[in-house]
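Below are the chains, spelled out letter by letter.
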Amino acid sequence: MTSHDLVVVGGGPAGAAVALGALQARPGMSVALLDRADFPRDKTCGDGIAPEVFDLLTDAGVPGVADGWAPVDRLSMRRGERVVERTMVRSTWVIPRAVFDERLHQAAVRAGAQPHTHRVSQVTVGADDVRVDDRFSAPLAVGADGAHSVVRRAIGLPPGPTAFALRGYAPTTDRRVGTQAMVFGTSRQPSYAWSFDRGDGLANVGYGEVQAPGAPRLSRPQLLAQIEQLLPGSTADGTQWKGAHLPLSGWGARVASGRVALTGDAAGMVNPMTGEGIYYAVLTGLLAGRAAAAALDTGDLHLFGRDYTRRVRTELGPHLRHSALAARLCRSGRLLDAGVRAAQSDQRVFDDLVDLGLANGRITPVVLRRLARHLLGTATQRTEHIG
Ligand SMILES: Cc1cc2nc3c(=O)[nH]c(=O)nc-3n(C[C@H](O)[C@H](O)[C@H](O)COP(=O)(O)OP(=O)(O)OC[C@H]3O[C@@H](n4cnc5c(N)ncnc54)[C@H](O)[C@@H]3O)c2cc1C
């Protein structure tokens, strides 16, 4: 058994960010960073990374994580015949997770985290410490172990709502070069197919949809058929098709218990509108690391979970409420159509929706006004038609 100040289970974006946040605030602290995989490792993802992720990492002392990858400037959204394509205020990146996650993991190790390749199966929370498989112990622990978190189970939190998505890599078709293309489904909502150009000749292509409780999930051939139906030609010569769950955020969900905090997917922090989760993983990871350092500084170790929860609510509370409401509204095809039309007619609406879907944005007054105008417009047209 080795003793540490902090044990982090999972070394993906959330886990690496926990270590970075903790070691930046309290250099020299002993942080064990456990992952079942050796890095680099693949992670099933759309690989779309919001610019705010790089802001957070630069603040945490890790600049240049996107070096060598081309920024993506254009975003298109389509539903049926309605389409909007515009330049984003800030570029995003599409970087394979084998590359991105390794860069973060290496940065955490350079900062002083102690990496261990170890598949965690048991987490025991005692009065004064947390023990992991009777191999690692620390007064504080963080679960950053993804969608099927062992740490989450250990502190008795049930899984929340999920989506399921399939992704692969295929040559970027000419008209989608330099673009992140999203095409919303016409059946279950929220659902969409995507083609995100990586800038190196390949695109990350996929389809995901929210899982209704108890409903069977689509098979791989059905998911591939959905991609082809919404984005014809995009799966040609595709490889590395893999599916995975996305644990969706809501409002008021618990993210900690006493000396144990949950971050990223383990905390159920995926945007329920878009499936984006890397921003929330890095942000919650940094917050948990800083809260751990503060608890060790003051000696108030039992306040760790409460302090971390307060930090998450302060940073993300309004956004989580607004994105949960937006995801609920997106279940209506009419509202989705109105959203696409509003974004088509006004760059500010487009920008605000991007911010709400990829980072820390809210449903702004201009979005509400434009949505209402387009919904009322449709209603008026219908009445005229019926009349
Ligand atoms: C198909 C798909 C497309 C997506 N597209 C996007 C996108 O384009 N943009 C975006 O921002 N987000 C996207 N997401 C969401 C994003 O992938 C996650 O939100 C993000 O990976 C969360 O990071 P994390 O560090 O919390 O978890 P992970 O990245 O899953 O890392 C968890 C780590 O924990 C390790 N681990 C798990 N269990 C154990 C264990 N028992 N013991 C030790 N280690 C363990 C794993 O090996 C892994 O390294 C997508 C998800 C899916 C499934």
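Residues numbered from 1 in each chain as written. Predicted model: local features only at pLDDT ≥ 70, side-chain atom pairs only at ≥ 80, totals over all residues. Heavy atoms only, no water.

If you check an unreviewed UniProt entry, the chain appears there as Geranylgeranyl reductase family protein from Allobranchiibius huperziae.

### Quick word on the environment of Y279
With respect to the element layout, Y279 can be found in helix α6 (residues 278-298). Residue class for Y279 comes out buried when judged on its relative accessible area of 8%. In sequence terms Y279 and L57 are 222 residues apart; their C-alpha atoms lie 10 Å from each other. Setting aside chain neighbours within four positions, we find Y279 in contact with E52, V53, L56, L316, L358, A359 and N360. In this structure the side chain of Y279 is engaged in a polar contact, spanning 3.5 Å, whose partner is the side chain of N360. (Helix = DSSP H or I, 4+ residues; strand = E, 2+ residues; numbered from the N terminus. Buried < 20%, exposed > 50% of the residue type's maximum accessible area, 1.4 Å probe, protein only. Contact = heavy atoms within 4.5 Å. Polar contact = N/O pair within 3.5 Å; in protein donor to acceptor, adjacent residues only side chain to side chain.)

### Considering the sheet that holds strand β15 (residues 202-210)
Pairing in this open sheet of eight strands is mixed, and the strands run β4-β6-β5-β13-β14-β15-β12-β16 from one edge to the other. Because the sheet does not close on itself, it has two edges, and the strands there are β4 (48-49) and β16 (239-247). Where strand β14 (residues 191-197) meets β15, seven bridges bridge the pair, whose relative direction is antiparallel. Across the sheet, S195 pairs through a bridge with V205, a residue of β15. Most of the contacts of helix α8 (residues 333-345) go to strand β6 (residues 82-94), to which it runs at about 70°, and overall it touches β5 (71-79), β6 and β13 (179-184). (Pairing = 2+ DSSP bridges. Axes fitted to C-alpha atoms, helices over the stretch in contact; angles between N-to-C directions.)

### Considerations on the site of the ligand
What surrounds the ligand is a group of 35 residues, the closest being D35, G46, G48, R97 and D265. In the model, a nitrogen atom of the ligand is placed 2.9 Å from a nitrogen or oxygen of the V120 main chain. Within the backbone of I278, one N or O atom sits 2.9 Å away from an oxygen atom of the ligand. Isolated, the ligand exposes 1,000 Å² of accessible area, and the fraction of that covered by the protein chains is 95%. Contributions of two or more residues to the shell around the ligand are made by α1 (13-25), β14, β16 and α6. At three residues, the largest contribution of residues to the shell around the ligand is made by β16. (Near = heavy atom within 4 Å. Areas by Shrake-Rupley, 256 points an atom, 1.4 Å probe, with all protein chains shown as cover.)

### Quick look at the domain arrangement of the chain
If you check the domain split of the chain, you get domain 1 (2-71 + 95-160 + 249-319), domain 2 (162-247) and domain 3 (324-386). Here the C-alpha centroids of domain 2 and domain 3 sit 23 Å apart. (Domains from an automatic or database assignment.)

### With respect to the packing of aromatic side chains
In the structure shown here, the tally under the stated rule is six aromatic pairs. Ring geometry for F54 against W93: centres 5.3 Å apart, planes inclined by 65°, an arrangement best described as edge-to-face. Remark: W93 occurs in strand β6 and F54 occurs in helix α2 (residues 51-59); sequence separation between them is 39 residues. Judged by its relative accessible area of 11%, F54 falls in the buried class. For W93, a relative accessible area of 19% gives the class buried. A centroid spacing of 6.1 Å and a plane angle of 35° characterise the contact between W194 and F196, whose relative ring orientation is tilted. For the pair W194 and F196, one class covers both residues: buried. Among the aromatic side chains, those forming a connected cluster through ring pairs are F184, Y192, W194 and F196. (Phe/Tyr/Trp six-rings, centres within 6.5 Å; stacked < 30°, edge-to-face > 60°.)

### Points about the pattern of salt bridges
As enumerated under the stated definition, the model contains 15 salt bridges in all. A salt bridge links K242 to D42; the nearest nitrogen and oxygen atoms lie 2.9 Å apart. One end of the pair, K242, is in strand β16; the other, D42, is in the loop between β3 (31-35) and β4, and 200 residues separate them in sequence. Classification of D42 by relative accessible area gives partly exposed; the value is 28%. For D55, the salt bridge identified is with R90, shortest N-O distance 2.8 Å. Linking D55 in helix α2 with R90 in strand β6, this pair joins segments that are 35 residues apart in sequence. Linked through salt bridges whose partners overlap, the residues forming this network are R41, R97 and D101. (Salt bridge = Lys/Arg side-chain N within 4 Å of Asp/Glu carboxyl O.)

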